[in-house]
Structure formats: C-alpha cells, structure tokens
Amino acid sequence: MEQLLNLLPPLLEGTWVTIQLALASTVLGGILSFAAGIGKLSRNFFVRAISVAYIEIFRGTSLLVQMFWLFFALPLMGISLSPVLAGILALSLNIGAYGAEVVRGAINSVTQGQYEAAVALNFSKRYTLWHVILPQALVEMMPPFGNLVVQNLKDTALVSLITLADLTFRAQNLRNLTLDSVPIYSLTLVIYFVLALIFMSGMRWLERVIAFRVGVAQGRARA
Amino acid sequence: MNRKIRNMIASTLALALIGSLAFAQADLTEIQESGSIRIATANEIPYGWIDENGDARGIGPDVAEAVLANMGVTDIDWTVTEFGSLIPGLIADRFDMVAASQAVLPARCEQVDFSIINSSYGEGLLVEAGNPQDIHGYEDFVDNSNLTMGIVSGADQLDFAQAYGLRQNQIVSIPSNTDALSAVATGRVDAYAATGLTVGRLALNSEDVEAAEPFTDPVVDGEPVRSFGAFTLNADSDEFREAFNEELGAFQETQEYRDILLSHGLTEQDIDAALAVTTEELCSGEG
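Cut-off values and rules
Residues numbered from 1 in each chain as written. Chains lettered and ligands numbered in written order. Predicted model: local features only at pLDDT ≥ 70, side-chain atom pairs only at ≥ 80, totals over all residues. Helix = DSSP H or I, 4+ residues; strand = E, 2+ residues; numbered from the N terminus. Buried ≥ 20, exposed ≤ 12 C-beta atoms within 10 Å, placed from the backbone. Contact = placed C-beta atoms within 7 Å. Nonpolar A, V, L, I, M, F, W, Y, C, P; charged D, E, K, R; others polar. Expected span 1.5 Å × (residues − 1). Bend = angle between axes of the 7 residues up to and from the residue. pLDDT = per-residue confidence, 0-100. Core = buried A, V, L, I, M, F, W, Y, C linked by C-beta atoms within 7 Å.

Thoughts on the overall build of chain B
When helices and strands are tallied, chain B shows 13 helices and 15 strands. Summarising its shape, the C-alpha atoms of chain B cover approximately 65 × 60 × 40 Å along the three principal directions. Counting only residues that meet the buried cut, chain B has 42% of its 287 residues in that class.

Some words on the overall build of chain A
When helices and strands are tallied, chain A shows 8 helices and 0 strands. Referenced to the eigenvectors of the C-alpha coordinate spread, the extents of chain A come out at roughly 70 × 45 × 20 Å. The burial tally for chain A puts 39% of its 223 residues in the buried class. Summarising the internal contacts of chain A: among those between residues at least 6 apart in sequence, 77% fall at separations of at least 24.

Description of the interface of chain B and chain A
Frequently, the measure chosen for interface size is the accessible area that the parts lose on association. With 28 residues of chain B in contact, the opposing surface of chain A contributes 29 residues. Broken down by secondary-structure element, the contributors of at least two residues to the side of chain B that touches chain A are α1 (2-20), β2 (49-50), β4 (75-81), α4 (86-91) and α8 (177-185) of chain B. Across the side of chain B that touches chain A, the residue classes tally to 13 nonpolar, 10 polar and 5 charged.

As for helix α8 (residues 182-214) of chain A
All names here are of chain A. Compared with the 48 Å implied by 1.5 Å per residue over 33 residues, the 48 Å span of α8 between its first and last C-alpha is a close match. What α8 keeps buried is the set Ile184, Thr188 and Phe199. Taken together, the buried residues of α8 touch α1 (2-39), α6 (125-155) and α7 (167-178).

Brief notes about helix α4 (residues 83-108) of chain A
All names here are of chain A. With 26 residues, α4 should cover 38 Å at 1.5 Å per step; its first-to-last C-alpha distance of 38 Å lies within 8% of that length. By the largest-angle criterion, Ala97 marks the main kink of α4, which is about 25°. Where burial is concerned, most of α4 is hidden: 21 out of the 26 residues are buried.

Examining the environment of Ala137 of chain A
Residue and element names in this part refer to chain A. Relative to the elements of secondary structure, Ala137 occurs in helix α6. Given 24 C-beta atoms within 10 Å, Ala137 falls into the buried group. Each residue touching Ala137, except ones within four places of it in the same chain, is listed here: Ala106, Ile107 and Val110.

Considerations on the confidence of the model for chain B
Residues and elements named next belong to chain B. For chain B, per-residue confidence averages 87 on the pLDDT scale, and residues scoring 70 or more make up 90% of the total. Across chain B, element-level confidence peaks in strand β6 (residues 113-114) with a mean pLDDT of 96 and bottoms out in α1 with 53. pLDDT under 50 marks residues 17-24. Its contacts with residues more than four places away, or in other chains, come to 7 contacts. Quick note on the complex model: pTM equals 0.79, ipTM equals 0.71.

Notes on the nonpolar core
Residues Val98, Leu125, Leu126, Val184, Ala191 and Tyr192 of chain B are the most contacted members of the largest nonpolar core, which totals 67 residues. Residues within four places of Ala191 of chain B in sequence aside, it is in contact with Leu125, Leu126, Val127, Ile135, Met149, Val184 and Ala212 of chain B. Counting 46 residues, the second largest nonpolar core, distinct from the first, contains Val17, Met142, Leu153 and Phe199 of chain A.

Below, the structure is given as structure tokens:
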C-alpha cells in the first residue's frame, strides 16, 4: 500500500499532461471532424477532394507512424514542431478523420423530407444546413463521438514515444527506476480507466444538453 | 459555410505552426551566451537516467554537467527518450547533444559526430536463474539455433550478433532494458545481450534472472569486443564539439572524473581502456 502511495505523485503528474493532450486533441479533432465531414458532402469538387484525401490518408495510415513522421521526419524538411504540438496534431488529425465519417453519416441520416421542407420554405442552403440539418444530425453524432473521445484518450499514450512526459511515460520511467512492473502498470490502467469514465460521463452530459436544446427526446431523434 | 470553417482551421493551424517553429542548431556562441543547452539521454541505469526527483544522473549526464559547468553552461534542458530515438532526434534537431554513453560505431559515425571517448564497457548476457540453457557466450547461439537473444533496438549488440551469424529469427528486439527483465524471466528470450554493467544491475534486482557465468566475451574480427561510449553531437556542430572536447579532455585528467565513473560501477581498467583509444580509430573501424 505504501509502495502504491509512493508511485502515485509522479503518475498523477503524468496524468495531468495526458488530460491536457486529450482535451486539446479532442477539441481540434472535433473541429476537423466537422470541416472534413461537411466538406465531403460539398458540391465544390476541390473541397470534396481535399476532404476525402484527408480522411482516407489519416484513417488509412498508422497513428504512431504519423506521430513519428511529424516528430522525426518533418524537421528534416525544415519545419520543427514542438513535441507537444506534434503530439496534439497527430492525435487530432487522426481522430478528426474518424470523426468526419461520423459527421457525414449523421448528416446523411437526416430524412429527405427535412430538405424538401426547407426548400418549400425558401431557406437558403446555408440556413438549411445550420438550422435544420445540423441540429438534428448533432444528436445522432453524439454516441459515436463519445466512443472516439475515449479512443483518443487512450491513444495519447503514444506520445510517450516522442519525449512527452505523459502518464505512460511516467509509468515507464518508474519501471526503469524500480524494475517493478505489476504495481506500476496496474495503477496506470486504473488511472486511464478513471479518466475514461470521467470523459465518458462528460460526453453523456453533453449528449443530454444537446438533445434538450434541439428539443428531441433522448435516444429518439425523430419520431 | 465551408469557407468559414476552412478559414478558421487554416488560421488555427497557421498560428500553431508559427508559434512553435524552431530553427535551433548546436551553435557554440548561442549556447555559451544563453548558458543553456538541450541534452537527451535514454532511460538506462547507469549510463543515463532521470531519478525520482526529475534530475538527470548517470555516466553521461554526470560528466556532461561537470564539463558544461566549466564552459559556463549550467542550464540543461533534459529529455528522456527511447534508446532507438536518440540519434533520429538529434538529426531532427530535437536536442543539441546526447549524453547516454552511446557506443562509437562506424555506422553511427556516418550519421552523427562523437566527442572524444568517455567510457568503456565489457559485454554480458542475462539468463534465467540457474542458466537452464547453459549459455556462456555468443558462440552458444551459433551451436544451438533454437536459442533466442533479446537486444534493445538500436543497440550495438545487434552488430555482434550479426557478426556471429545469428539468424534473424534468433534475435528478438526489445524496447528498453526494463523489458528485458520480464522477457528473460518468462522465457520469451533465452538470454538478453547488453553490456556487463546493465546485466549486473538487472541481475541484482530480481531473483528470477542471473548474469551468465562464466562469460566468454564476444570476439569480432579477431579481437574481444569492448564498447566505447561517448557523447553524440550533430554533424554540423563542429565548433561546439571542439570546444566541448577540449573541456572534456581537461576534465578527464582529474580525479573527479574517475570518481564519477567508478561510482557508476566502472573499473579503473575500464577507464584506462576508454582513454587509450580515439573516436577517429573507432569510426574507421580500427578500434
């Protein structure tokens, strides 16, 4: 027990770094999700092409290699991102590519009748998207987004490989000092689990708020 | 709508990029004027590690701190990373120097520069307690091709193993020293190849493993191998390297230098062997 208490302070320091990385990449990833998800449905060929290329490249390649590329290869081309930025960028580009498909799917799931009604009311395309389609789609997006947020939290462990002192890095460092794997890895798993629970409940709260604001009963976007 | 979002993303990314662009080199005047330097080490006791207080310790860091203090550089920004990431990180200009007692090898000399030699080590093998496979040297792996050897990725033991003609499937790559312990104890590898110092330290920490005794040093090109460690620098920081070498050479004549190395488990013979060779000899493969 005392041993566990000694392990806790350094692990918690790393936990704080993990939380910051997870929050930053979730927000940036969210923005990218909407940009690429809506972009993929655009009628403009170039916007569509860029969105599709982005989504397929980042979904189709390894996150770890993307991170290494940003950290070790990009500086050789003259652009040196700080470790924090390289980590956040790789995480959010990756999760944004997955999120884009969620956004696109949710928008597509809004029934055709809604578009027809908007046309009948002489709403502009932009107004229709923002005020008719997206609010309904948003409710649909929230459960899969919740998945992605937790996935992203766990992916942050990879930043320990590009010199960032996150939770996993601290755990590895402690193992090196104590050569003791069982308590350190167990405690690390527990901390990740608690973090995941907190992130998940945050997303559920957001889900309820959005459903309430949009005015649909939870779990039933359309009657 | 698309344009709005695109503009937003473009400006966010542009800001982030501008904020973190760094054009740093290990420039002598810059380092001396600012009094600060970025140094990386791997997490390996006793070569270089970060202790529980976050301070860098070990053969590389302790000597680097003393030498740099003599140069008027006291503010060291330490980074800890995987052994295999040290040289790529140096090339990517993530740090100015690596203080991990990396062995001077011809292949590495093609990528980076080394300081004058700072330390030397013999080899060892970590095996399961009781040495069930009766392993006493690299030769045993040639005689029995069912035996597997764990090697930290990027470490020079891979060169020794290849010189002995070990098969690809006999060599198991391990991320770090710490993982070697469980790999050997659980039989995932039959032995872990590392320097004698590393093997000795790991053996002390667990009853499930031991150092292979007696141990026959691997012989490559007719000579028993010995690893010679030095500080690693970027190929384009000649000026800094020369200034650092000069201070390091002066420091190596003091008792303080010997005390640091002795305190980390090296012997007087190890130190004398280190000071008897030059980086140039080792880089050209004559060492």
